[in-house]
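Letter by letter, the chains look like this.
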Amino acid sequence: MKKYFAIIVATSFFSCFVFAENGPELFTKYSCTGCHSVKAAKIVKVTSKENTEEKDDGTPKIDPPDLSTVGKERTAEWMGKYLMKKEKIKDIAHKKKFQGTPEERNILTEWLATLK
Ligand code: HEC
């Protein structure tokens, strides 16, 4: 019984660790850095041509914000929906629909929500 308890403690310890590590990694992995910087986490924007060119599909051009303090205004839950285009800002959905798994989306938005 003691042994199982140790395993449970160890796994929860490591999952916390992975949790803390993965937000910024996922942010880079899913190219959020193509549009956003997070100066507070020393993440710089990598501007690519695709993201700076004007689109002529009728969507107004809005500069993507730095997300250093996004957690002040948004909850993880709201951001999760926004990344799936189920929430909007002033009637406009997010540019990109999130391509990862729901778990990854949770890790990412939980991390973003801590940025205050
Ligand atoms: C093609 C460019 C582009 C990419 C890639 C992109 N975003 Fe955005 N994002 C934007 C723009 C533009 C806005 C501002 C939209 C507005 O104000 O209507 C925005 C807004 C946001 C907001 C809301 C900020 C606020 O003001 O509350 C969050 C959160 C966000 N993005 C997260 C992400 C995450 C996480 C990723 C990666 C999975 C990502 N974005 C990838 C362009 C992008």
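Residues numbered from 1 in each chain as written. Predicted model: local features only at pLDDT ≥ 70, side-chain atom pairs only at ≥ 80, totals over all residues.

J.: Please explain the nonpolar core as it appears in this structure.
T.: Where a protein is soluble and globular, its nonpolar side chains tend to be buried together. Among the nonpolar cores identified, the biggest contains twelve residues, and these are Phe-27, Cys-32, Cys-35, Val-38, Leu-67, Met-79, Leu-83, Phe-98, Ile-107, Leu-108, Trp-111 and Leu-112. Of all elements in the fold, only α4 (76-83) and α5 (102-113) reach the threshold of two or more residues within this core. Of the residues forming this core, the biggest block, four residues, is contributed by α5. Not counting chain neighbours up to four residues away, the residues in contact with Val-38 comprise Phe-27, Ile-43, Asp-66, Leu-67, Ser-68 and Leu-115. (Core = buried A, V, L, I, M, F, W, Y, C linked by C-beta atoms within 7 Å. Buried ≥ 20, exposed ≤ 12 C-beta atoms within 10 Å, placed from the backbone. Helix = DSSP H or I, 4+ residues; strand = E, 2+ residues; numbered from the N terminus. Contact = placed C-beta atoms within 7 Å.)

J.: Sorry if this is basic, but what is going on with the packing of α4 against α5 here?
T.: Think of two packed helices as two axes; the pair is described by the angle between the axes and how far apart they sit. Relative to each other, α4 and α5 sit at 130°, their axes nearing to 8 Å. With respect to α5, the element α4 is oriented oblique. Here α4 and α5 pass one another in a crossing that is right-handed. Residues Ala-76, Met-79, Gly-80 and Leu-83 of α4 touch α5, and the partners they reach there are Arg-105, Asn-106, Thr-109, Glu-110, Leu-112 and Ala-113. Here the residues of the contact of α4 with α5 are counted per class, giving five nonpolar, three polar and two charged. (Axes fitted to C-alpha atoms, helices over the stretch in contact; angles between N-to-C directions. Parallel < 35°, antiparallel > 145°, perpendicular 65-115°, else oblique. Left-handed = near helix turned anticlockwise from the far one by under 90°. Nonpolar A, V, L, I, M, F, W, Y, C, P; charged D, E, K, R; others polar.)

J.: Even after reading the chapter, I still don't get unusual backbone geometry, so can you show me in this structure?
T.: Comment: phi is negative for the bulk of residues other than glycine, and the bulk of peptide bonds are trans. Positioned with a positive phi, Lys-85 is a non-glycine residue whose angle comes to about 60°. Following the sequence through the fold, Lys-85 ends up in the loop between α4 and β1 (88-89). A positive phi angle, near 70°, is found at Asp-91, a position not held by glycine.

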